[in-house]
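Each chain, written out:
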Amino acid sequence: MEKMKAAVFEAVGKLSIKEVAVPRLWREDQILVKVEACSICGTDVHITADPPGYEAIPGTILGHEFVGKVVQKGDAVKELEVGDRIVVNPNDYCGICTYCRKNLPNLCEHIEPLGIEFDGAFAEYCLVSQNVAHKISEKVSCEVAACAEPLACAINGINKVAMKPGESVVIIGCGPIGLMLGMLAKASGISNLFLLEAAHYRIEFAKKLDLGQVIDVTKQNAQEEIEKVTGIGADYVFDVTGSQIINAVKLVRKGGEVVLFGVNKKSVSPVAQCEITTKEITVHGTWLANATFPMAVKVLEEAVIPMDKLVTDVIGLDELHDGIEKLRRGEAVKVIVRL
Ligand SMILES: [Zn+2]
Ligand SMILES: [Zn+2]
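Anyway, here's the lowdown on the structure attached to this text. What you are looking at is a predicted structure, and each value in this text was computed from that prediction instead of being measured. (Residues numbered from 1 in each chain as written. Chains lettered and ligands numbered in written order. Predicted model: local features only at pLDDT ≥ 70, side-chain atom pairs only at ≥ 80, totals over all residues. Heavy atoms only, no water.)

Looking at the overall build of the protein chain
Next, step 1: Across its full length, the protein chain holds eleven helices and 18 strands.
Next, step 2: The C-alpha radius of gyration of the protein chain comes to 20 Å, within 12% of the 20 Å expected for a compact globule of 339 residues.
Next, step 3: Here the C-alpha coordinates of the protein chain stretch approximately 65 × 40 × 40 Å along the principal axes.
Next, step 4: Per-residue burial over the protein chain gives 52% buried out of 339 residues.
Next, step 5: Contacts in the protein chain between residues far apart in sequence, at least 24 positions, make up 69% of those at least 6 positions apart. (Helix = DSSP H or I, 4+ residues; strand = E, 2+ residues; numbered from the N terminus. Rg over C-alpha atoms; globule rule 2.2 N^0.38 Å. Buried < 20%, exposed > 50% of the residue type's maximum accessible area, 1.4 Å probe, protein only. Contact = heavy atoms within 4.5 Å.)

Concerning the packing of aromatic side chains
Next, step 1: With the rule as written, the count across this model stands at one aromatic pair.
Next, step 2: Both rings, one in Y201 and one in F205, keep their centres 6.0 Å apart while their planes meet at 20°; by these two values the pair is stacked. Of the two residues, Y201 and F205 are both situated in helix α6 (residues 200–209); the distance of four residues between them amounts to about one turn of the helix.
Next, step 3: Looking at Y201, the relative accessible area reads 27%, which means it is partly exposed.
Next, step 4: Note on F205: relative accessible area 13%, which makes it buried.
Next, step 5: In this arrangement the basic side chain of R27 is found over the ring face of W26, its NZ or CZ atom lying 5.1 Å from the centre.
Next, step 6: If you follow K34 out to its NZ or CZ, it ends over the ring of Y125, 5.4 Å from the centre. (Phe/Tyr/Trp six-rings, centres within 6.5 Å; stacked < 30°, edge-to-face > 60°. Lys NZ or Arg CZ within 6 Å of the ring centre and 35° of its normal.)

Thoughts on helix α4 (residues 148–158)
Next, step 1: Summarising burial for α4: eleven of the eleven residues are buried, a large majority.
Next, step 2: When α4 is considered as a whole, its buried residues turn out to be A148, E149, P150, L151, A152, C153, A154, I155, N156, G157 and I158.

Quick look at the coordination of the zinc ion (ligand 2)
Next, step 1: Looking at the zinc ion (ligand 2), the protein donor atoms are C94 (SG), C97 (SG), C100 (SG) and C108 (SG), and they sit 2.3 to 2.4 Å from it.
Next, step 2: For the zinc ion (ligand 2), the four donor atoms are set out with angles of 105 to 117° between them, so the coordination reads as tetrahedral.
Next, step 3: Read in sequence order, the donor residues coordinating the zinc ion (ligand 2) give the pattern C-x2-C-x2-C-x7-C.
Next, step 4: Residue classification places C94 among the partly exposed residues on the basis of a relative accessible area of 28%. (Donors = N, O, S within 2.8 Å, 3.2 Å for Na, K, Ca; no water. Tetrahedral: all angles 85-135°; square planar, octahedral: opposite > 155°, others 65-115°.)

Some words on the pattern of salt bridges
Next, step 1: The final tally for this structure, using the stated rule, is 20 salt bridges.
Next, step 2: When the shortest N-O distance is used, the salt bridge between D29 and R27 registers 2.8 Å.
Next, step 3: R27 gets classed as partly exposed once you look at its relative accessible area, which sits at 32%.
Next, step 4: Close ionic contact of K139 with E302 constitutes a salt bridge, the shortest N to O distance being 3.8 Å. With K139 in the loop between β10 (133–135) and α3 (142–145) and E302 in the loop between α10 (293–301) and β17 (311–316), this residue pair connects regions lying 163 residues apart in the sequence.
Next, step 5: Assessed through its relative accessible area of 47%, E302 is described here as partly exposed.
Next, step 6: Residues joined in a network through salt bridges with shared partners are E36, K69, R85 and E138. (Salt bridge = Lys/Arg side-chain N within 4 Å of Asp/Glu carboxyl O.)

Quick word on the side chain of T292
Next, step 1: As for its position among the elements, T292 is in the loop between β16 (282–285) and α10.
Next, step 2: Among all residues touching T292, those that are not within four sequence positions of it are A152, I155, N156 and N159.

A short note on the sheet that holds β16
Next, step 1: With respect to topology, six strands assemble into an open sheet ordered β13-β12-β11-β14-β15-β16, the strand pairing being parallel. In the strand order of this sheet, the two ends are held by β13 (213–216) and β16, each with one partner. Sheet twist, expressed as the average angle between the axes of neighbouring strands with direction ignored, equals 20°.
Next, step 2: By the bridge criterion, four bridges tie strand β12 (residues 192–197) to β13 in an arrangement that is parallel. In the sheet register, E197 faces β13, and the bridge partner there is D216.
Next, step 3: Across the sheet, α6 is in contact with β12 and β13; its angle to β13 comes to roughly 165°. (Pairing = 2+ DSSP bridges. Axes fitted to C-alpha atoms, helices over the stretch in contact; angles between N-to-C directions.)

Regarding the pairing of strand β5 (residues 65–73)
Next, step 1: In this structure, strand β3 (residues 30–39) lies alongside β5, joined through eight bridges in antiparallel fashion. Considered in β5, the bridge of V33 is made with V70.
Next, step 2: Relative to strand β6 (residues 85–88), β5 is paired through three bridges, and the arrangement is antiparallel. Its bridge partner lying in β6, K69 is registered against R85.

Focus: the coordination of the zinc ion (ligand 1)
Next, step 1: The zinc ion (ligand 1) binds to the protein through C41 (SG), H64 (NE2) and E65 (OE), with metal-donor distances spanning 2.1 to 2.4 Å.
Next, step 2: Sequence spacing of the donors to the zinc ion (ligand 1): C-x22-H-E. In this pair, C41 sits in the loop between β3 and α1 (42–47) while H64 sits in the loop between β4 (60–61) and β5, placing the two residues 23 residues apart along the sequence.
Next, step 3: Judged by relative accessible area, which is 6%, H64 ranks as buried.

No statement about biological role is implied by the geometric values presented.
Quick look at the structure:
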């Protein structure tokens, strides 16, 4: 049996790089992908923490943000050929549950998260179903193409509101997703972007991107800074931290919209419901990617946003631990593993 190198989540706090068997097609709708690059996600950092901040199944190969080439395909695969370059929606859906039939595959009742509960792409090869593979041009670098999945999630978040030119946006949290949302908002024609962050490295990194006004929430009063410019608060506030709904509701203008992106299962916030009512605020939740992969692919192929600027580190699979620890220390933005 053919072997490959892979990063296997073995137990709490234990991720091993080891030899495993190359996966074999076992359904006609599957494709075998030779992985080119796989990006480390914040979720991988949470999975490998002790105690873990996100649950994965022991024995699973991690890695869910990736690009690769089709090297083998099942007989039922019609839209893809061997040699095609693809990015993958790592949340495979059944297509037949009530949510899938309501065109909400991101909320599928039988979702199969690759790289968390099913083998992912911190490996030389990865098995996926044709449902979740999207072709991408060779002209996109593998480092940038590996960011298609978080971008598709960010686009799902942006799609919750209808931004218009000249409007203002606040992003709370300047990690990769926050910065992607900021770039997408800028590309949508908004006039004022405020990026809120508390961590020193991320503040300095966001300033260098020159997307908008970076506010250090440990030193500055965000509400004052935002109202100085907008007079009434922001049209849209995105919370990417999973814990800032109170501030989001405070910073948005009357009639504005709040989008809640981040997930922090430990965070419970007492929100004054009357503030939402009397300010006529709309609050949206957004989860994973829903039919937004085609848009993410186009955004990358046409370089609508400068995604390459978010890639701070490119490493080999053997350096995966170092990459994860660097992210845990908050000293990197997008770390890409080249296979
Ligand atoms: Zn991710
Ligand atoms: Zn389903």
